[in-house]
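Residues per chain, in single letters:
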Amino acid sequence: MSLPIYDVVESVITALQTSKQVLLHAPTGAGKSTGLPLAILKQAQLAGRIIMLEPRRIAARSVAERLAEQLNEPVGMTVGYRMRSETKISAATRLEVVTEGILARMLQQDPELSDVSLVILDEFHERSLQADLALALLLDVQEGLRDDLRILVMSATLDNQRLSSLLPDAPVMVSEGRSYPVARSYHPLSSHQPFEQSVTSAVLRLLQQETGSLLLFLPGVGEIQRVLSQLDGKINEETLLCPLYGALSLSDQRKAIAPAPTGMRKVVLATNIAETSLTIEGIRLVVDSGLERTSRFEPKSGLTRLITQRISQASMIQRAGRAGRLESGVCWHLFGQEQAERASEHSEPEILHSDLSSLLLSLLQWGCRDMTQLHWLDNPPQPALAVAESLLLRLGALDDNQQLTARGWKMTESGSEPRLAAMLCLGKEYADKQQGKTQGSAALATAAKLVAILEEPPRRGQPDLIHWMTSNQRHWQQRANQLIRNLAGKSGNVSLDFVPELLALVPELLVQGFPDRIAKNRDNLGRFQLANGLGVALEREEPLSGETWLVAPSLQQGSKSPDARVLLACPLNIEQTMQQYPHLFTEHTAVEWDDSKGSLRAWRRLQCGRLVVKVQPLAKPSEAELQEALLNWVQQEGLSALNWSVEASQLRTRLQRATEWLPEIEWPAVDDTALLNSLEQWLLPALGDVTDLKGLRQVDLSTCLMGLLDWQQRQILDNELPANYTVPTGSRITIQYFNDKPPVLSVRMQEMYGEQQNPVLAKGRVPIVIELLSPAHRPLQITQDLAAFWRGAYREVQKEMKGRYPKHLWPDDPANTAPTRRVKKYM
């Protein structure tokens, strides 16, 4: 069959002969994965092998099998593949499809890629973490070691502008669109029906209207299983139902990809694993739910949260394109066209929301300690890198100078992510120490089986890891054997068999890889707290929910509950862990308030992170411990727990208004956050003789706050925002300051006679509000313009007050009358 990609083969080969990097834009159905690599192999006359990176294992296997089939050869001859748990290559292999971190490992072992002429990065638009890392390392190789190495970046939806800015000299090749047209239409789901029910109805309608097999895109395995159960019994016997997702067995994956038997059609229910590179035979109908499940790493918690989100416009095009591979097709998008137009153009790159510990370990192995030395489409985020560095330190992969330790180098050889690699290294170290002994030689086998289970955990069933360690599942054992060979080598004298007697080693291995996932029971109802402070939960009915201590390596952070769900865990003997890992435990002396007694008590606590392991009461604490406890109590209770006198509150308000009204002067911050963060500076000096809560509440806070000001600041504050104002009679009247309104001076009217101008503060910028009072100290008038009041509204006040208070002075010209505090009789 002639593929659209064949029209650009000659141009691509010419570009590869003259350019180090080439970009290829080839939409779905053009044949870029299954047509172009063989054409290059035949026509480009390359001296070395071709390596093609596929982001998904199922796609890598499928593409390799399709390429080999075109050559009428079995996989492993001219065309082979390598992935984490499976390899099919030989000395005759010239085109190798690889996935996961395989290409990065090949580069680490042979930075020159000495027998490789071309590296193809397929489906680059997915922007997987491994693809970004591979491109950065390959560009580094081209710059420093191999200017003859060629890179071909190809995708159905290339972000050409950004790639071209990263690779300015790379020519851009464009292939024509898909092989056959696809009619796309929009069918929003009913808001009155459950999601799975609405999707099922749409699938049944399309099956009735159109011929051919159908591919349904759903966000995850749960939705696939629920829609399967809804469809089962509602379709005829000539229609096969086939789920398709990464955790399925190889035989079930092949069943979903293979063509339907003659006279039958099939419905394939898939995650976004089927978006790219996979040709599912006979598909001419696509139903797109518009959703995908993706992971988001949260640096603060160190957990990866699974979220369901809307797909990008690029993914919509990819999904629709599945219908036009072999004949004209139909695609129904189960959302509105307006929603499609509002969607983001491309999916967010994995590097921006992933755990970067594996990436950092790979870069340190590469010899790169400064990320800016490499060329990235998107720079790795600093918060995630900081968390990754902290984890590698805890695992023993880095020393204090951020250099790889001997264990760190060994971890890079394992082929596993850092936490699991640390467990494998511990198993290997244990085996090396116990050479010649049965249990010693089986220690690495125990670690390897444990890692295999954590890499591909059971989808359902009980969370007790000990149960799964005693089960005999072939795929786990195959992966365990591969891990053992990676670390021990073919000549290593290490057993491949797990020994049940070594189950006691499992908790120790888990603590090595997951020290932050040690968990303590909170309530015997399945709720635990991790050493890093996070809450996790088990179902109450689970036997593990009654354990006092666990180590929980596998967690799932949902969107509804604040507690992460424990997927896999193991009981932990905390006393034994203290002996094996003493560095995980720290002793703290704490002096705290006993609220019931209003006094201080001292404790010595042994802690594992945030978890309290043991508590022991202590004798009378020292003065320094007392003061620290007092400050901690204020931090916990807040500033309102202190005794704020009117004077202290007013001083604090004056300082806050000074910041606003006199910004040219640098004033200390006195908001709640600033004061709580600086307790040692302003409150601690006053705690010398304070030994209890009563004494703390007698501390003069105005004196404490004044300690924050230097002499010049005090002078300016007293002059420009004084606490009192001297009225014409000589009385010193308190000015009331507020955070949300102007300052107020409340004074009897007679004492303001003779005052012709309104008083002002802050270098004349802020007029004081004058609240003029009657002889009985009741408000008569409020003004910010005293002169205007004397000339105007005063006449009405004068008339009323002469009758009510005849013994007091009510002159006709108050602005020029001497002020008084006395009645007329004594004047």
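Residues numbered from 1 in each chain as written. Predicted model: local features only at pLDDT ≥ 70, side-chain atom pairs only at ≥ 80, totals over all residues. Heavy atoms only, no water.

Next up on the list: the overall build of the protein chain. Scanning the protein chain from N- to C-terminus turns up 29 helices and 31 strands. Summarising its shape, the C-alpha atoms of the protein chain cover approximately 125 × 65 × 60 Å along the three principal directions. Each of the 827 residues in the protein chain was classed as buried or not, and the buried ones make up 53%. Across the protein chain, every contact between residues at least 6 apart in sequence was considered, and the portion connecting residues at least 24 apart equals 67%. Accessible surface for the protein chain amounts to roughly 38100 Å². Of this, 46% is attributable to carbon and sulfur atoms. (Helix = DSSP H or I, 4+ residues; strand = E, 2+ residues; numbered from the N terminus. Buried < 20%, exposed > 50% of the residue type's maximum accessible area, 1.4 Å probe, protein only. Contact = heavy atoms within 4.5 Å. Areas by Shrake-Rupley, 256 points an atom, 1.4 Å probe, with all protein chains shown as cover.)

With that settled, the discussion passes to the packing of aromatic side chains. Counted by the stated rule, this structure contains 7 aromatic pairs. Geometrically, the ring pair formed by Phe789 and Trp790 is tilted, given 5.4 Å between the ring centres and 45 degrees between the ring planes. Overall, the relative accessible area of 4% leaves Phe789 in the buried class. Put simply, the rings of Tyr753, Phe789, Trp790 and Tyr794 touch in pairs and so form one group of aromatic residues. In this structure, Arg652 packs its charged tip against the face of Trp644, placed 5.3 Å from the ring centre. The ring of Phe738 is capped by Lys741, whose NZ or CZ atom sits 4.4 Å from the centre of that ring. (Phe/Tyr/Trp six-rings, centres within 6.5 Å; stacked < 30°, edge-to-face > 60°. Lys NZ or Arg CZ within 6 Å of the ring centre and 35° of its normal.)

For the rest of this paragraph, the subject is the packing of helix H5 (residues 129-144) against helix H12 (residues 357-366). It is at 11 Å that the axes of H5 and H12 come closest, and there the two elements cross at 15 degrees. Accordingly, the angle class assigned to the pair H5 and H12 is roughly parallel. Remark: the crossing between H5 and H12 carries right-handed chirality. Only Leu359, Ser362, Leu363 and Trp366 of H12 make contact with H5, whose side of the interface consists of Leu129, Leu133, Leu137, Asp140 and Val141. For the contact of H5 with H12, the residue count by class is 7 nonpolar, 1 polar and 1 charged. (Axes fitted to C-alpha atoms, helices over the stretch in contact; angles between N-to-C directions. Parallel < 35°, antiparallel > 145°, perpendicular 65-115°, else oblique. Left-handed = near helix turned anticlockwise from the far one by under 90°. Nonpolar A, V, L, I, M, F, W, Y, C, P; charged D, E, K, R; others polar.)

Our next topic: the sheet that holds strand S31 (residues 779-783). Pairing within the open sheet is mixed, and its 5 strands lie in the order S25-S26-S27-S30-S31. Edge positions in the sheet fall to strand S25 (724-726) and S31, since each has one partner strand and no second. If you compare each strand with its neighbour and ignore which way they point, the axes differ by 30 degrees on average. Here S25 runs beside strand S26 (residues 732-736); their pairing, made up of 3 bridges, is antiparallel. (Pairing = 2+ DSSP bridges.)

Once that is clear, we can look at the side chain of Thr78. Note that Thr78 resides in the loop between helix H3 (57-70) and strand S3 (79-83). A distance of 2.8 Å separates a polar atom in the side chain of Thr78 from a polar atom in the side chain of Glu73. (Polar contact = N/O pair within 3.5 Å; in protein donor to acceptor, adjacent residues only side chain to side chain.)

Turning to the packing of helix H15 (residues 418-433) against helix H19 (residues 505-513), a few remarks are in order. Contact geometry of H15 with H19 gives a least axis separation of 7 Å together with a crossing angle of 130 degrees. Taken as axis vectors, H15 and H19 run oblique relative to one another. Judged by the sense of rotation from one axis to the other, the crossing of H15 with H19 is right-handed. In contact with Arg419, Ala422, Met423, Leu426, Gly427 and Tyr430 of H15, H19 contributes Leu505, Glu508, Leu509, Leu510, Gln512 and Gly513.

Okay, the pattern of salt bridges next. Taken as a whole, this structure holds 33 salt bridges when the rule is applied. Notably, a salt bridge pairs Glu660 with Arg657, separated by 3.1 Å at the nearest N-O pair. Placement of the pair is Glu660 and Arg657 together in helix H22 (residues 646-661), with a separation of 3 residues, close to one helical turn. The salt bridge partner of Glu664 is Lys763, with a shortest N-O separation of 3.4 Å. With Glu664 in the loop between H22 and helix H23 (672-677) and Lys763 in the loop between strand S28 (760-761) and strand S29 (766-767), the pair connects residues that are 99 residues apart, well separated along the chain. A relative accessible area of 45% means that Glu664 is categorised as partly exposed. (Salt bridge = Lys/Arg side-chain N within 4 Å of Asp/Glu carboxyl O.)

Before going further, it helps to examine unusual backbone geometry. Of note in this structure, Leu113 is not a glycine but carries a positive phi near 45 degrees. The residue Lys763 is not glycine, and still its phi comes out positive at about 60 degrees.

With respect to topology, 5 strands assemble into a closed barrel ordered S17-S18-S19-S21-S20, the strand pairing being mixed. The mean angle between the axes of side-by-side strands here comes to 50 degrees, regardless of whether they run parallel or antiparallel. With respect to the sheet, H19 is in contact with strand S17 (518-521), strand S20 (549-556) and strand S21 (564-571), its orientation differing from that of S21 by roughly 135 degrees.

Glancing now at the nonpolar core. In this structure, Trp682 and Leu683 are the most contacted members of the largest nonpolar core, which totals 62 residues. At 5 residues, H22 tops the list of elements feeding residues into this core. If we skip the residues at most four places from it in the chain, Trp682 touches Leu639, Leu642, Trp644, Leu675, Leu701, Cys704, Leu705 and Leu708. Judged by nonpolar contacts, the second largest core, of 57 residues, contains Leu113, Ile151, Leu385 and Leu404. (Core = buried A, V, L, I, M, F, W, Y, C linked by side-chain atoms within 4.5 Å.)

Relative to the helices and strands, Arg319 is located in helix H10 (residues 313-321). With 87 residues separating them along the chain, Arg319 and Asp232 place their C-alpha atoms 24 Å apart.

With that settled, consider the environment of Leu385. Mapped onto the elements, Leu385 comes out in helix H13 (residues 382-394). Residue classification places Leu385 among the buried residues on the basis of a relative accessible area of 8%. Separated by 273 residues in sequence, Leu385 and Ala658 have C-alpha atoms that sit 42 Å apart. Other than its neighbours up to four places away in sequence, Leu385 contacts Leu356, Leu360, Met371 and Pro380.

All right, on to the pairing of strand S6 (residues 116-121) then. Across the 6 residues of S6, 6 count as buried, placing the element largely inside the fold. Pairing geometry for strand S2 (residues 49-53) and S6, over 5 bridges, is parallel. Residue pairing for S6: Ile50 is matched across the bridge by Leu118. Where S6 lies against strand S7 (residues 150-155), 4 bridges are found, and the strand directions are parallel. Pairing of Leu118 across the sheet is with Arg150, part of S7. Between the parallel pair S6 and S7, the chain is carried across by H5, and the sense of this crossover is right-handed. (Right-handed = clockwise from strand over helix to strand, strands pointing away.)

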